[in-house]
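Each chain, written out:
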There are 2 protein chains.
Amino acid sequence: MNSEAKSYDFLGDVSGPGRGGTTARVVEAIREAIVSLDLPPGTQLDKAALCTRLGVSRFPVSEALSRLQAEGLVEIRPQSGTIVARIRLADVRENLFIRRALEAEAVRSLAGTCRADLLDSLRRNLRYQKAAAEAGDRKGFHVLDLAFHDIIFQALGFERVKAMVESARLGLDRIRRLLSSRRRHELTFQEHEAVLQALAAHDGEAAARAMVAHLDAVMAELLTLAEAQPDIFADQARTQGLAT
Amino acid sequence: MNSEAKSYDFLGDVSGPGRGGTTARVVEAIREAIVSLDLPPGTQLDKAALCTRLGVSRFPVSEALSRLQAEGLVEIRPQSGTIVARIRLADVRENLFIRRALEAEAVRSLAGTCRADLLDSLRRNLRYQKAAAEAGDRKGFHVLDLAFHDIIFQALGFERVKAMVESARLGLDRIRRLLSSRRRHELTFQEHEAVLQALAAHDGEAAARAMVAHLDAVMAELLTLAEAQPDIFADQARTQGLAT
DNA sequence: AGCCACATTCTAACATGCTAGTATGAATTC
DNA sequence: GAATTCATACTAGCATGTTAGAATGTGGCT
């Protein structure tokens, strides 16, 4: 049974200074491992091994897995086992729905009152994006992409909204890894720029439209990818639980 | 110190059939107590008393409180204590933002493809709403109000979105209790009807506008109420942590 | 009298032990 | 040989024990 060692070497360090925050760090470590595909979809998680590897007890691990289940990254089968959630097309759609709704409303709501320093931050970010896209720096571009959206939510000041969007984005990141391409970077850059333009013009509706267009473009590519690599997806047609 | 008994009599029963789901039931019980204002904002929670009252150990209670913190209903002060979150104006704004974004996008996305049975369900619900409003049945109307929004998300089929909206709505329910009035019911009914009209006409944008108008109307009343009863709110101006 | 240091006490966070439910595989029966 | 039943091993969920940190109140000091 335990033919594979399950050493979980790739997991980050969770040793913290004081007492508090252990659970949060465990969440972070496992989430990172899942999103980076070090833990591929469908992998069974050995809780005991996780505890020994991270040097913590089962309490924080249990709670961490529970939260990750809420985020849709793992699937807990009661009394049976916990596995890394397979990527379901329905989840991809849902996560993109969440991002479309919240991010569009964010820019719509910001356009009217957005301050100059916000625009400046976005402009600076886009300059870096352009450079990263031209240099073909995939990882750098990804970081800047995240930062672009983060800047917007920072300006909005809604912590829970930000957390929700981040959660939705993480649910998509496992696929995005496979999607990252130079052409996509250039397109993303242009789409981001359109958002900025609309924000600068204080046109909320246009900003929302630009954001939706951006996310829909990503969605379209993800779906194309899904067609090409059906093996990493679970249950395309059945058990999707669409409204009856 | 323990001059008050802290009997927590109002808490519902959490005894379940089998082994699983205890934590979920504890969450439900405490959440209900908070939303119904049996546990007023600012109340300190006695974890041990909760355990004895509910007949469970500290494990499910801890996890339940942790989840409720994520929902913004309680505030955990490390090593110090847990209190029922005071209602912050910023949270009200955030929760309404979430609802506006997700519910508007929901009806926008549904308008194009909405099926006849969905419209029928909504129509039936609105007939009941009208009856409840005219009869002055506050509790009944509230239930129907929830059902109206639930029907929409049921049709959408996105579980996590539904959970997010529900969480946001619960964060607002503590105030809504104080706001529930006959006039508000009539207005709500009319606003709901506008949403239905637009859905029936397959006009997504109009449906979204109607939904936003509905939620904004609620928001306006909540803010008016906030002015009138500032005592239940915490820190109007300071420590709101708006983007610096 | 006002202020500061210290100790007590309370709490959440963490570790560990235990139980029940599930799945798997082997043995038995048809 | 195939299907079914039973035993075993494994897992999540729950209970309980332990520890570290924070608030508060008290005593001494200025």
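Note that the structure is a prediction, hence the values are computed from the model and not measured.

Asks: Lay out the layout of surface pockets in plain terms, naming residues and giving numbers.
Replies: In this structure, the second largest pocket encloses a volume near 870 Å³. Lining the second largest pocket are 22 residues, and of these G20 of chain A together with K47, I76, P78 and Q79 of chain B lie nearest its centre. Sorting the residues of the lining of the second largest pocket by element identifies α1 (22-35) and α3 (58-70) of chain A together with α3 (58-70), β2 (74-77) and β3 (81-84) of chain B as the ones contributing at least two each.

Asks: Which residues make up the sheet that holds strand β2 (residues 74-77) of chain A, and what are the values?
Replies: Residues and elements named next belong to chain A. Here 3 strands make up an open sheet; going across it, the order is β1-β3-β2 and the pairing antiparallel. Of all strands in the sheet, those bounded by a partner on one side alone are β1 (44-45) and β2. Pairing analysis gives 4 bridges linking β2 to strand β3 (residues 81-84), with the strands arranged antiparallel. Within β3, the residue paired with R77 across the bridge is G81. Running over the sheet, α3 touches β1, β2 and β3 and is turned about 115 degrees from β2.

Asks: I'd like to hear about the packing of aromatic side chains, residue by residue, with values.
Replies: Inspection of the entire model under this criterion finds 5 aromatic pairs over all chains. Arranged with centres 6.1 Å apart and planes meeting at 85 degrees, the rings of Y8 of chain A and F10 of chain A form a pair that is edge-to-face.

Asks: Now, about the packing of helix α5 (residues 116-135) of chain A against helix α6 (residues 138-156) of chain A: what can you tell me, with residues and values included?
Replies: All names here are of chain A. Two numbers describe how α5 lies on α6: the axes approach to 9 Å, and their chain directions differ by 170 degrees. As the angle between them shows, α5 and α6 are arranged roughly antiparallel. Residues L118, S121, L122, N125, L126, Y128, Q129, A132 and A133 of α5 form the contact with α6, whose own contacting residues are G140, F141, L144, D145, A147, F148, I151, I152 and A155. Looking at side-chain class alone, the contact of α5 with α6 contains 13 nonpolar, 4 polar and 1 charged residues.

Asks: Describe the relation of the copies chain A and chain B, listing the residues and the values that go with them.
Replies: Rotating chain A by 180 degrees about the axis while translating it 0.1 Å along that axis superimposes it on chain B, leaving an RMSD of 0.1 Å. Such a turn and shift between the copies fits a two-fold axis. Relative to the rotation axis, the C-alpha of A101 of chain A is the closest in chain A, positioned 2.6 Å from it.

Asks: Explain the interface of chain A and chain B residue by residue, including any values.
Replies: Of the residues lining the interface, 33 residues belong to chain A; the matching set on chain B comes to 33 residues. Across the chain A/chain B interface, buried area totals approximately 2800 Å², and carbon plus sulfur atoms make up 59% of it. Between R100 of chain B and E105 of chain A there is a salt bridge whose closest N-O contact spans 3.3 Å. At the boundary of chain A and chain B, one finds 19 residue pairs in polar contact (both at pLDDT 80 or more). Of all the secondary-structure elements, those providing two or more residues to the side of chain A that touches chain B are α3, α4 (89-111), α6 and α7 (159-179) of chain A. When residues of the side of chain A that touches chain B are assigned to their parent elements, the largest contribution, 13 residues, is made by α4 of chain A. Class assignment of the residues belonging to the side of chain A that touches chain B gives a composition of 14 nonpolar, 8 polar and 11 charged.

Asks: Can you break down the pairing of β3 of chain B residue by residue, with the values?
Replies: Residues and elements named next belong to chain B. Bridging between strand β1 (residues 44-45) and β3 involves 2 bridges; their strand directions are antiparallel. Each bridged residue has a counterpart across the sheet, and for Q44 the counterpart in β3 is I83. Linking two consecutive strands that pair antiparallel, namely β2 and β3, is a turn of 3 residues; a positive phi of about 60 degrees is found at Q79 within it.

Asks: Pulling in residues and values, what's your account of the sheet that holds β2 of chain B?
Replies: Here we have 3 strands laid out as an open sheet, ordered β1-β3-β2 (chain B), and antiparallel in their pairing. At either end of the open sheet lies a strand with only one pairing partner, and these are β1 and β2 of chain B.

Asks: An account of the confidence of the model for chain A is requested, with residue identities and associated values reported.
Replies: When pLDDT is averaged along chain A, the result is 86, and 89% of the positions lie at 70 or above. Across residues 236-244 of chain A, confidence stays below pLDDT 50; counting only partners more than four residues off in sequence or on other chains, it has 9 contacts.

Asks: Explain empty space enclosed by the protein residue by residue, including any values.
Replies: As enumerated under the stated definition, the model contains 6 cavities of 30 Å³ or more in all. In this structure, the largest cavity encloses a volume near 70 Å³. In terms of lining residues, the largest cavity is bounded by R99, D145, H149, L172, R176, H214, L215, V218 and L222 of chain B. Broken down by secondary-structure element, the contributors of at least two residues to the lining of the largest cavity are α6 (138-156), α7 (159-179) and α9 (204-228) of chain B. For the lining of the largest cavity, the leading source of residues is α9 of chain B, giving 4 residues. Estimates place the volume of the second largest cavity at around 60 Å³. Within the residue set of the lining of the second largest cavity, elements represented by two or more residues are α6, α7 and α9 (204-228) of chain A. Top contributing element to the lining of the second largest cavity by residue count: α9 of chain A, with 3 residues. Class assignment for the residues of the lining of the second largest cavity results in 2 nonpolar, 2 polar and 4 charged.

Asks: Quick one: what's the story with the pattern of salt bridges, residue by residue and with numbers?
Replies: As a working rule, side chains carrying opposite charge can pair if their charged atoms are close by. Residues and elements named next belong to chain A. All chains considered together, the criterion is met by 37 salt bridges over all chains. Two residues, R169 and D173, come together in a salt bridge whose shortest N-O distance is 3.7 Å. Taken as a pair, R169 and D173 lie in helix α7 at a separation of 4 residues, close to a single helical turn. We classify D173 as buried; its relative accessible area is 4%.

Asks: Could you give an account of α6 of chain A, naming the residues involved and the relevant values?
Replies: Compared with the 27 Å implied by 1.5 Å per residue over 19 residues, the 28 Å span of α6 of chain A between its first and last C-alpha is a close match. Every buried residue of α6 of chain A is listed here: G140, F141, L144, D145, F148, H149, I152, F153 and L156 of chain A. For α6 of chain A, the secondary structure elements touched by its buried residues are α4, α5, α7, α8 (182-200) and α9 of chain A together with α4 (89-111) of chain B. Looking at the residues trailing α6 of chain A, positive phi occurs at G157 of chain A, about 80 degrees.

Conventions used here
- Numbering of residues begins from 1 in every chain and follows the order in which that chain's sequence is written.
- Both sets of labels track the order of writing: A upward for chains, 1 upward for ligands.
- Local features in this predicted model are restricted to residues whose pLDDT is 70 or higher, and side-chain atom pairs enter the listing and the counts only when it is 80 or higher, whereas totals over whole chains, interfaces and linings include all residues.
- Calculation of side-chain values draws on the structure's entire complement of heavy atoms; hydrogens and water are dropped beforehand.
- Here a cavity is any set of points on a 1 Å grid over the protein atoms alone where a 1.4 Å probe fits but cannot get out, and a pocket is any open set with protein on both sides within 12 Å along at least 5 of 7 lines; a residue lines the site when it has an atom within 4 Å of a point.
- Grid points are joined across faces, edges and corners, and a volume is the space filled by probe spheres set on the points.
- A run of H or I in DSSP counts as a helix once it spans at least four residues, and a run of E counts as a strand once it spans at least two, with each numbered from the N terminus.
- Strand pairing follows a simple DSSP-based rule, namely that at least 2 bridges must link the two strands.
- The contact rule is simple, with two residues in contact once any of their heavy atoms fall within 4.5 Å.
- Fitted lines through C-alpha atoms give the axes, limited to the stretch in contact for helices. The angle between two N-to-C directions lies from 0 to 180 degrees.
- Side-chain rings of Phe, Tyr and Trp, where Trp is taken by its six-membered ring, are said to pair if the distance between their centres is within 6.5 Å; with planes under 30 degrees apart they count as stacked, over 60 as edge-to-face, and otherwise as tilted.
- An angle below 35 degrees is treated as roughly parallel, one above 145 as roughly antiparallel, one from 65 to 115 as roughly perpendicular, and anything else as oblique.
- Each residue gets one label: Ala, Val, Leu, Ile, Met, Phe, Trp, Tyr, Cys and Pro are nonpolar, Asp, Glu, Lys and Arg are charged, and the others, such as Gly, are polar.
- Superposition of the copies was done by least squares, using only C-alpha atoms of residues whose pLDDT is at least 70 in both.
- Computed with a 1.4 Å rolling probe, the buried area is the accessible surface lost when two parts are put together, summed over both parts.
- When a carboxyl oxygen of Asp or Glu lies within 4 Å of a side-chain nitrogen of Lys or Arg, that pair is called a salt bridge.
- Identification of polar contacts relies on pairs of N or O atoms within 3.5 Å, with a donor-acceptor requirement for protein atoms, meaning one able to donate a hydrogen and the other able to accept it, and with residues adjacent in sequence counted only if both atoms are side-chain atoms.
- The score called pLDDT rates the predictor's confidence residue by residue, from a low of 0 to a high of 100.
- Each residue's exposure class comes from its accessible area (1.4 Å probe, protein chains only) as a fraction of the maximum for that residue type: buried when under 20%, exposed when over 50%, partly exposed otherwise.
- For a helix, the expected span equals 1.5 Å multiplied by the number of residues minus one.

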